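Secondary and tertiary structure notes
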Amino acid sequence: MISRLPGLSLPERVLSTARRWAVAWWRILYLGAVVLVLVLSPSSYGTGTRKALARHVYLDTAPVLLGFTVLAALISLVLTRIVVVTALSYGLSSYALEMVIRVLVLELIPLTAALFVAMRCTIPNGTQMARLRRSGRFDVLRRHGADPVRVELLPRVIAGVFASITLAALSCVVALVLAYLGVYGFNLAGLPSYTRMFGQVFSPSVTLVFVLKTVFFSLAVALIPMAAGLHDAGERAQPDSELGGLARMFAVLLLIEVASLMGNYY
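What you see is a predicted model, and the numbers here were worked out from it, not measured in a lab. (Residues numbered from 1 in each chain as written. Predicted model: local features only at pLDDT ≥ 70, side-chain atom pairs only at ≥ 80, totals over all residues. Heavy atoms only, no water.)

**Remarks on the overall build of the protein chain**
The line we're drawing: Every helix listed is a DSSP run of H or I at least four residues long, and every strand listed is a run of E at least two residues long, numbered separately from the N terminus. Accessible area is worked out with a 1.4 Å probe on protein chains only. A residue is then buried under 20% of its type maximum, exposed over 50%, and partly exposed in between. Accessible surface area values rest on a Shrake-Rupley calculation with a 1.4 Å probe, where residue burial reflects the displayed protein chains alone. For this count, His and the chain ends are skipped, Lys and Arg are scored as positive, and Asp and Glu as negative. By convention, charge coordinates are those of NZ in Lys, CZ in Arg, CG in Asp, or CD in Glu.
On a plain count of helices and strands, the protein chain comes out with eight helices and zero strands. From first element to last, N terminus to C terminus, the protein chain shows the α and β order α-α-α-α-α-α-α-α. Here the C-alpha coordinates of the protein chain stretch approximately 65 × 55 × 30 Å along the principal axes. For the protein chain, the proportion of its 266 residues judged to be buried stands at 41%. Summed over all atoms, the accessible surface of the protein chain reaches about 14600 Å², with 70% contributed by carbon and sulfur. For the protein chain, the distance from the average site of its 23 positive side-chain charges to the average site of its 12 negative ones is 4 Å.

Structure follows, in C-alpha cells:
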C-alpha cells in the first residue's frame, strides 16, 4: 500500500497511509454510532422502512439458512468422529465430547457463520451501496426529504446482524444435538452426563463471552462492508481500496476472537 503512493518520500507515504487508515476506522466507528441511534429511534421504523427491513432480513437469511445448517451438521459429524476416535486411542474418551463442544460450538461456528454471512450477504450489500450512491440514488432520496442512511443502509445492517446471529444460533443447536448422537447414539442413557458436562462448559462467564462474541462478530461483518460502500471513492479509489475494507473486517474478527479466547482461558 505504501509503495503505491508515487512522488512522495517514505515518511510522507507512511503518514498518508496512516491518515487513510485513521479516517477509515473513524468512519466505521461513526457509522456504528449513527446506526445505533437509528436502531433505537422509533421514527426509523415507518411503513417503508419496515417493508425494506423485512425484505432484506428474508433475502439475507432464508436462502442461506438451510445450506449453512447442512454444512455445520457435516462439519459437526466429521469433527466429532475425529475427536472421539483420537481420544479413545489415547484413553481420554471422557474429555472427547467436552473438547468437541469447546472447539466447535464456542469457537468455530460463530466465526464461520459470520464469515459466511459476510461473503454471501454483507460484502455484496456494501458493493450495492456504493453503486446506489454513485448512481445518484442518495441525492434523489435527499431531494424527497428522506435520509439515505435510514432508508437504504439501516435495513441492510440490521439484516446482516440478524442473519449472522440466526445462523450461529441454529448451527450451534444442530452441532450440540449431533455431538450427542455421535457419542451416545439414539438413546437417552447419556443425557444426564451430557447435560452435566454442558453446564460445566457453559458457565455464566463463558456464556457471556460467547454471546458477546457472536454479537460483535455480527456487528463487524454488517457494519464494515457498509462503511466501505458508503464512502467508496468510485473511479478515484486506490487499486487496493476495496481490499482495505476486507482487511479491516478480518482484523476486527481476529481481535474479537483473540479477546474471547483470553476471556475464556486466561
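**Some points on the side chain of Ser-44**
Of note, Ser-44 is situated in the loop between helix H1 (10-40) and helix H2 (47-89). Classification of Ser-44 by relative accessible area gives buried; the value is 0%.

**Here's the deal with the confidence of the model for the protein chain**
Condition: Known as pLDDT, the predictor's confidence for each residue is given on a scale from 0 to 100. Only heavy atoms enter the contact rule, under which two residues are in contact if any of them lie within 4.5 Å.
On average, residues of the protein chain score 86 in pLDDT, and 92% of them are at 70 or above. With pLDDT under 50 throughout, residues 235-240 is counted as low confidence; its partners more than four residues away or in other chains account for four contacts.

**Thoughts on helix H3 (residues 96-134)**
Stated precisely, the cut-off is as follows: Expected span, for any helix, means 1.5 Å times one less than how many residues it has. Bend angle per residue: angle between axes fitted to the 7 residues ending at that residue and the 7 residues starting there.
Counted at 1.5 Å a residue, the expected span for H3 with its 39 residues is 57 Å, and the 54 Å between its end C-alpha atoms agrees. Considering bend angle alone, the principal kink of H3 is centred on Ala-118 and spans about 50 degrees. Phi turns positive, to about 95 degrees, at Gly-136, one or two residues after H3.

**Focus on the pattern of salt bridges**
For the record, the criterion: Salt bridges are identified by distance alone: a Lys or Arg side-chain nitrogen within 4 Å of an Asp or Glu carboxyl oxygen.
One pass over the structure, following the stated rule, counts six salt bridges. Note that Arg-137 is salt-bridged to Glu-152, the shortest N-O span being 3.0 Å. In this pair, Arg-137 sits in helix H4 (residues 137-143) while Glu-152 sits in helix H5 (residues 148-184), placing the two residues 15 residues apart along the sequence. The residue Glu-257 makes a salt bridge to Lys-213 at a minimum N-O spacing of 3.8 Å. Placement of Glu-257 in helix H8 (residues 241-265) and of Lys-213 in helix H7 (residues 204-230) is noted, with a sequence separation of 44 residues between them. Each member of the pair, Glu-257 together with Lys-213, is buried.

**Concerning the packing of H2 against H3**
The line we're drawing: As a rule, the C-alpha atoms of each element are fitted with a line to give its axis, helices using only the stretch in contact, and angles between N-to-C directions run from 0 to 180 degrees. Angle categories: roughly parallel below 35 degrees, roughly antiparallel above 145, roughly perpendicular from 65 to 115, and oblique for all the rest. If you view the pair so one helix is near and one far, a crossing is left-handed when the near helix is turned anticlockwise from the far one by less than a right angle, and right-handed when it is turned clockwise. Polar here means any residue other than Ala, Val, Leu, Ile, Met, Phe, Trp, Tyr, Cys and Pro, which are nonpolar, and Asp, Glu, Lys and Arg, which are charged; Gly is therefore polar.
Running from N to C, H2 and H3 cross one another at 155 degrees; their axes reach a closest spacing of 10 Å. Here H2 lies roughly antiparallel to H3, going by the angle between them. For the pair H2 and H3, the sense of crossing is right-handed. The residue inventory of the contact of H2 with H3, partitioned by class, reads 18 nonpolar, four polar and two charged.

**Some thoughts on the packing of H1 against H5**
Relative orientation of the contacting elements H1 and H5 amounts to 95 degrees, with a least axis distance of 11 Å. Our classification of the angle between H1 and H5 gives roughly perpendicular. Every residue of H5 that contacts H1 at Leu-31, Val-34, Val-35, Leu-38 and Val-39 is listed here: Val-149, Arg-150, Leu-153, Leu-154, Val-157 and Ile-158. Of the residues in the contact of H1 with H5, the class split is 10 nonpolar, no polar and one charged.

**Examining the environment of Pro-11**
Take Pro-11: it is sitting in helix H1. Take Pro-11: its relative accessible area is 61%, and that puts it in the exposed class. In this structure the C-alpha to C-alpha distance between Pro-11 and Val-39, which are 28 residues apart in sequence, comes to 42 Å.

**Quick notes on the packing of aromatic side chains**
A ring pair, where both rings are aromatic, is described by two values, the distance of the centres and the angle of the planes. Threshold: Two aromatic rings, drawn from Phe, Tyr or Trp (for Trp, its six-membered ring), form a pair once their centres lie within 6.5 Å of each other, and the interplanar angle then sorts them: stacked below 30 degrees, edge-to-face above 60, tilted otherwise.
Scanning the entire structure with this criterion turns up seven aromatic pairs. Taking 5.0 Å as the distance between ring centres and 50 degrees as the angle between the ring planes, the aromatic pair formed by Phe-68 and Phe-116 counts as tilted. Placement of the pair is Phe-68 in helix H2 and Phe-116 in helix H3, with a sequence separation of 48 residues. For Phe-68, a relative accessible area of 2% puts it in the buried group. Three or more aromatic residues link up through ring pairs in this structure, and these residues are Tyr-180, Tyr-184 and Tyr-194.

**A look at the environment of Thr-17**
Mapped onto the fold, Thr-17 is located in helix H1. A C-alpha to C-alpha distance of 23 Å links Thr-17 and Ile-123, two positions 106 residues apart in sequence.

**As for H2**
Helical periodicity: at 3.6 residues per turn, an α-helix aligns residues three or four positions apart in one direction. Along its 43 residues, H2 runs 61 Å from first to last C-alpha, staying within 8% of the 63 Å computed at 1.5 Å per residue. Along H2, the helix axis deviates most sharply at Leu-65, where the bend reaches about 45 degrees. With its phi angle positive at about 70 degrees, Gly-91 sits one or two positions after the end of H2.

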